[in-house]
Amino acid sequence: GAGVSQSPSNKVTEKGKDVELRCDPISGHTALYWYRQRLGQGLEFLIYFQGNSAPDKSGLPSDRFSAERTGESVSTLTIQRTQQEDSAVYLCASSYWTGGRSTDTQYFGPGTRLTVL
Amino acid sequence: AQKVTQAQTEISVVEKEDVTLDCVYETRDTTYYLFWYKQPPSGELVFLIRRNSFDEQNEISGRYSWNFQKSTSSFNFTITASQVVDSAVYFCALRQSFGNEKLTFGTGTRLTIIP
């Protein structure tokens, strides 16, 4: 079946503009995760959703970052008033959630490369 | 707090050599999961393996093998008879079994296989 998809694949924006990044999880996966990968670095956790709710937002770097999820599918990560330090690859992952917890592996999308000029 | 350390930033080996990628982790949890992911030049993370903390059996999958040692908090990854297609960045990651679902990643090891 189809994997996790993300759009756009690349986004170049000017400092101060808002951007929206989209993630479509694997069908049937109720848990969805956002991570950020700066150049040459590992992945930093941003936020995860179980269904529509976000039990853990602890990784969001500032109040300029927000995310929402509609239904148990698409999620949008919004960055307001972008700064140059926001330049990174933003990765989305999804997994099954059963019995009140996520027990399965997270499968990642191809990412959105964000460049803030 | 959880932490994953991949001390090897970059490794280069000649094709057909064996190579081991190190991963050391820290956690206060008694149960947890460990993962390895591969990130080829295309950028997409590819899942390789998941290991439960209560299962210390080593695992082999083709040319890949994993050595989980709870006593030393290590989860090392060996590629036997390396191939050029193995060139990638490899990430080790840790996750609690319950409650907090996020993955804590190491900084990755860039593996280059020289033809």
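Structure shown above.
This one's a predicted model, so the numbers in the text were calculated from it and none came from an experiment. (Residues numbered from 1 in each chain as written. Chains lettered and ligands numbered in written order. Predicted model: local features only at pLDDT ≥ 70, side-chain atom pairs only at ≥ 80, totals over all residues. Heavy atoms only, no water.)

(A) Representation of the overall build of chain B within the structure. Within chain B, the regular secondary structure consists of 0 helices and 12 strands. Along chain B, from the amino end to the carboxyl end, the secondary structure elements read β-β-β-β-β-β-β-β-β-β-β-β. What you see for chain B is a C-alpha radius of gyration of 14 Å, in line with the 13 Å of a compact globule of 115 residues. Considered along the principal axes of its C-alpha atoms, chain B spans approximately 45 × 25 × 20 Å. Looking at chain B as a whole, 49% of its 115 residues qualify as buried. The long-range share in chain B, meaning contacts at least 24 apart out of those at least 6 apart in sequence, stands at 56%. By element, 48% of the accessible surface of chain B is carried by carbon and sulfur atoms, the whole surface being about 5,600 Å². (Helix = DSSP H or I, 4+ residues; strand = E, 2+ residues; numbered from the N terminus. Rg over C-alpha atoms; globule rule 2.2 N^0.38 Å. Buried < 20%, exposed > 50% of the residue type's maximum accessible area, 1.4 Å probe, protein only. Contact = heavy atoms within 4.5 Å. Areas by Shrake-Rupley, 256 points an atom, 1.4 Å probe, with all protein chains shown as cover.)

(B) Region of interest: the layout of surface pockets. In this model, the largest pocket occupies a volume close to 700 Å³. Gln37(A), Leu39(A), Gly40(A), Gln39(B) and Arg110(B) are the residues nearest the centre of the largest pocket, which is lined by 36 residues in total. Per-class residue counts for the lining of the largest pocket are 12 nonpolar, 20 polar and 4 charged. Contributing to the lining of the second largest pocket are 13 residues, with Leu43(A), Glu44(A), Phe45(A), Thr104(B) and Phe105(B) lying nearest its centre. If you list the elements that add at least two residues to the lining of the second largest pocket, you get β5 (43-50) of chain A together with β11 (104-105) of chain B. (1 Å grid on protein atoms, 1.4 Å probe; cavity = no way out; pocket = protein on both sides within 12 Å on 5 of 7 lines; lining within 4 Å. Points joined across faces, edges and corners; volume = space filled by probe spheres on them. Nonpolar A, V, L, I, M, F, W, Y, C, P; charged D, E, K, R; others polar.)

(C) Structural detail: the nonpolar core. Residue and element names in this part refer to chain B. Within the largest apolar cluster, 24 residues are counted, with the highest numbers of intra-cluster contacts made by Trp36, Trp66, Phe77 and Tyr90. Looking at this core, the elements that each hand over two or more residues are β2 (10-14), β3 (19-21), β5 (32-39), β6 (46-52), β8 (64-69), β9 (74-79), β10 (88-96) and β12 (109-114). The element best represented in this core is β10, accounting for 4 residues. Once residues within four sequence positions are removed from consideration, tyrosine 90 is found in contact with Gln6, Leu21, Trp36, Tyr37, Lys38, Leu48, Tyr64, Phe77, Ile79, Gly108, Thr109 and Leu111. (Core = buried A, V, L, I, M, F, W, Y, C linked by side-chain atoms within 4.5 Å.)

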